[in-house]
Amino acid sequence: MKYIYSRDMIKLWEEFLETFKSCILLDKEKGYIYVRNFLWYSDSKLPEDKQPVLENIITKYLPREDKENIMRTIAQKYRDEGIQIGQEKGIQIGQEKGIQIGQEKGKIEIAKAMLLKGYPMEDIVLLTGLSSSHIQDLVMEKASN
């Protein structure tokens, strides 16, 4: 496995399935534990364009009744990776949105404090980056309270 990045994984799989036919039959009795683990590990190291080639090689060497079972393993791996990527992207978007909201709230709090201290409108706009209409809304809110 230490050579997984430097070797042709397609050729390695083909050699593995050809050379270890008898071992694969023993592994079948255990539910393809080793084939599945090897598949999960090596498939993630393959470029996306090579993954269908690997699927074809696997289906070529496995007994017909087992092809569907192993293909489900590959499909589940892809689903798991998709879910993980989606979750990571969702977390990243949430964090970015939270930072943005926090920054906006911070600017508003600073603007409110500056209004209480009597700073001129132009200074508040300049220092907070808020629009003058937004600051006017804060002035109106302050007046109504």
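The coordinates are above.
Everything numeric here is computed off the predicted structure, so don't read it as measured data.

A.B. asks: How do you make sense of helix α1 (residues 9-19) when you look at a structure like this?
C.D. replies: Helical geometry note: an α-helix holds 3.6 residues per turn, so side chains three or four residues apart project in the same direction. The set of residues buried in α1 consists of Met 9, Ile 10, Leu 12, Trp 13 and Leu 17. Buried residues of α1, seen end-on, are gathered within an arc of 160 degrees and therefore sit on one face of the element.

A.B. asks: Help me understand the pattern of salt bridges in this model?
C.D. replies: Think of it this way: side chains of opposite charge can pair up when their charged atoms draw near. Across all of its chains, the model carries 3 salt bridges by this definition. A salt bridge links Lys 11 to Glu 15; the nearest nitrogen and oxygen atoms lie 4.0 Å apart. Placement of both Lys 11 and Glu 15 in helix α1 is noted, with a separation of 4 residues, approximately one turn of the helix. We classify Lys 11 as partly exposed; its relative accessible area is 49%. Assessed through its relative accessible area of 34%, Glu 15 is described here as partly exposed.

A.B. asks: Any chance you could explain the packing of helix α6 (residues 121-128) against helix α7 (residues 132-144) here in plain terms?
C.D. replies: When two helices pack together, you describe them by how their axes are tilted relative to each other and by the distance separating the axes. It is the contact of α6 with α7, at a shortest axis distance of 10 Å, that shows an interaxial angle of 120 degrees. With respect to α7, the element α6 is oriented oblique. Both α6 and α7 take part in a crossing whose hand is right-handed. From α6, Met 121, Ile 124, Val 125 and Thr 128 reach across to α7, where they touch Ser 132, Ile 135 and Gln 136. For the contact of α6 with α7, the residue count by class is 4 nonpolar, 3 polar and no charged.

Rules behind the numbers
Residues numbered from 1 in each chain as written. Predicted model: local features only at pLDDT ≥ 70, side-chain atom pairs only at ≥ 80, totals over all residues. Heavy atoms only, no water. Buried < 20%, exposed > 50% of the residue type's maximum accessible area, 1.4 Å probe, protein only. Helix = DSSP H or I, 4+ residues; strand = E, 2+ residues; numbered from the N terminus. Arc of directions from axis to C-beta. Salt bridge = Lys/Arg side-chain N within 4 Å of Asp/Glu carboxyl O. Axes fitted to C-alpha atoms, helices over the stretch in contact; angles between N-to-C directions. Parallel < 35°, antiparallel > 145°, perpendicular 65-115°, else oblique. Left-handed = near helix turned anticlockwise from the far one by under 90°. Contact = heavy atoms within 4.5 Å. Nonpolar A, V, L, I, M, F, W, Y, C, P; charged D, E, K, R; others polar.

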